[in-house]
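# Report on the structure
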Amino acid sequence: MISKITAIIVAIVTMISNLTGVIPSKQVYYSDVAYGTHKRQVMDVCFPADVSKSEGVILFIHGGGWMTGDKAAFAKRAQSTAKTVGCITATMNYRYISKDIHCKDLLKDIDYALAKIKSMAETRGITCEKVMLVGISAGAHLSVLYSYVKKDTAPITPCAVGVYSGPADLSSDSFIYDSSLLPTGETYKLLSYLTGTNLFLLNDTQRKRELYKYSPLKYVAAGNVPTLVVHGALDEIVPIDDTYRFVDKLKKNGVPHTFIELPDSGHGLDNDSYLMGKSDKVFVDFVNMYLK
């Protein structure tokens, strides 16, 4: 008798699943999934408990000046987000920049990671058509640059982007000279690795032109994906003045966006809990509006 009742329940759940497109399951978390052959080309991927046949993806990208940092920074948030908003989430490592690895290579890493997530989903009968990239600091720079530049060629189409403490204009004097990240000479060395060009061999005009090529500000245009911007007014590494110009250009080009300024926070966004709570609610709104 019990077995018959169980069979009936299973049949009902299966019928509901087929009607609604929901596949009942437990949350599944994969650690250190390789998406390439380099030791840094790994990510963690989380499938939520109830996955639909067509599912959005949220990809978190850590900061660290393109040369440090780890996916673990977003590990807890990736798992909790998968549970609260019901999307596939992932947090990725990427290759650190060096004399041989540059920004274009890091953008390729995002390509490879998204392709791997898409493949993993397909083996579970899930189609992934939209992704929201979310990053902090250097990860924010990569997230927005990728979302704007690679929108039409990405393995999963960017539909929104979250930019937390992200540098908008690498060529600005405020970023080069006012940032407490590194002394100016070390900053040029770092950005030489990022661009793949020896900036010490260029004059000031040439350096600014080269750095602007890798600046999100350059690529703001009508049709860009909706953009959530969160920045601390006291940011000592990425001065907020460039973010003001970035947001103003979003506005002038009609790009859907929300800008949340944290008046008492620095680069770590750690002194305005109420506004950070507000930004979390806006993030969920972005997911519901643009990813589902």
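Coordinates for the structure precede this section.
Conventions used here
- Residues numbered from 1 in each chain as written.
- Predicted model: local features only at pLDDT ≥ 70, side-chain atom pairs only at ≥ 80, totals over all residues.
- Heavy atoms only, no water.
- Buried < 20%, exposed > 50% of the residue type's maximum accessible area, 1.4 Å probe, protein only.
- Helix = DSSP H or I, 4+ residues; strand = E, 2+ residues; numbered from the N terminus.
- Pairing = 2+ DSSP bridges.
- Right-handed = clockwise from strand over helix to strand, strands pointing away.
- 1 Å grid on protein atoms, 1.4 Å probe; cavity = no way out; pocket = protein on both sides within 12 Å on 5 of 7 lines; lining within 4 Å.
- Points joined across faces, edges and corners; volume = space filled by probe spheres on them.
- Polar contact = N/O pair within 3.5 Å; in protein donor to acceptor, adjacent residues only side chain to side chain.
- Contact = heavy atoms within 4.5 Å.
- Axes fitted to C-alpha atoms, helices over the stretch in contact; angles between N-to-C directions.
- Expected span 1.5 Å × (residues − 1).
- Core = buried A, V, L, I, M, F, W, Y, C linked by side-chain atoms within 4.5 Å.

### With respect to the pairing of strand S6 (residues 88–92)
With five of five residues buried, S6 is to be regarded as a mostly interior element. Here S6 shows a buried face lined by Ile88, Ala90 and Met92 and a second buried face lined by Thr89 and Thr91. Here strand S3 (residues 42–47) pairs with S6 via four bridges, running antiparallel. If you follow cysteine 46 over to S6, its bridge partner there is threonine 89. As paired elements, strand S5 (residues 57–61) and S6 share five bridges and run parallel to each other. Paired with phenylalanine 60 across the bridge in S6 is threonine 91. Regarding the hand of the β-α-β motif, the stretch spanning S5, helix H2 (residues 75–85) and S6 is right-handed.

### Comments concerning empty space enclosed by the protein
Within the structure shown, the criterion is met by two cavities of 30 Å³ or more. Breaking the lining of the largest cavity down by element, the ones donating at least two residues are helix H4 (138–149) and helix H8 (240–252). In terms of residue count, H4 provides more of the lining of the largest cavity than any other element does, three residues in total. Taken as a whole, the second largest cavity holds about 40 Å³ of empty space. Taken together, Ser171, Asp173, Ile176, Tyr177, Tyr188, Asp204, Arg207, Lys208 and Leu211 make up the full set of residues lining the second largest cavity. For the lining of the second largest cavity, the secondary structure elements donating two or more residues are helix H5 (173–178) and helix H7 (204–212). No other element matches the four residues that H7 contributes to the lining of the second largest cavity.

### Structural notes on the side chain of glutamate 55
Assignment of secondary structure puts glutamate 55 in the loop between strand S4 (50–52) and S5. Within the structure, glutamate 55 has its side chain in polar contact with the backbone nitrogen of serine 52 (distance 3.2 Å). Excluding its chain neighbours within four sequence positions, the residues that come into contact with glutamate 55 are Asp50, Gly86, Cys87, Ile88, Ile126, Thr127, Cys128 and Glu129.

### Quick word on the pairing of strand S10 (residues 257–262)
Of the pairings in the sheet, the one linking strand S9 (residues 227–232) to S10 comprises six bridges and is parallel in character. From the neighbouring strand, glycine 232 faces S10, where its bridge partner is leucine 262. Once you follow S9 into H8 and on to S10, the crossover reads as right-handed.

### Let's talk about the sheet that holds S9
Spatially, S2-S3-S6-S5-S7-S8-S9-S10 is the arrangement adopted by the eight strands of the open sheet, whose pairing is mixed. For this open sheet the edge positions go to strand S2 (28–34) and S10, each flanked by a neighbour on one side alone. Ignoring which end each strand starts from, the neighbouring axes of this sheet average 15 degrees apart. With seven bridges joining them, strand S7 (residues 130–136) and strand S8 (residues 157–164) adopt parallel strand pairing. Residue pairing across strands places glycine 135 opposite valine 163, the latter belonging to S8.

### Details of helix H6 (residues 184–195)
With twelve residues, H6 should reach 16 Å at 1.5 Å per residue; the first-to-last C-alpha distance of 16 Å fits that figure. Those residues of H6 that fall on the buried side of the exposure criterion are Thr187, Tyr188, Leu190, Leu191, Ser192, Leu194 and Thr195. Summarising the contacts, the buried residues of H6 are in contact with helix H3 (103–123), H4, H5 and H7. With its phi angle positive at about 80 degrees, glycine 196 sits one or two positions after the end of H6.

### Considering the nonpolar core
Membership of the largest hydrophobic core comes to 61 residues, with the highest contact counts inside it found for Trp66 and Ile110. Counting residues in hydrophobic clusters, the runner-up holds 23 residues, among them Phe60, Phe74, Met276 and Phe283.

### A look at the environment of valine 255
Among the secondary structure elements, valine 255 is positioned in the loop between H8 and S10. Look at valine 255 and you get buried, because its relative accessible area is 3%. For the pair valine 255 and alanine 168, spaced 87 residues apart in the sequence, the C-alpha separation amounts to 15 Å. Ignoring anything within four residues of it in the chain, the contact list for valine 255 reads Val220, Ala221, Asn224, Val225, Thr227 and Leu250.

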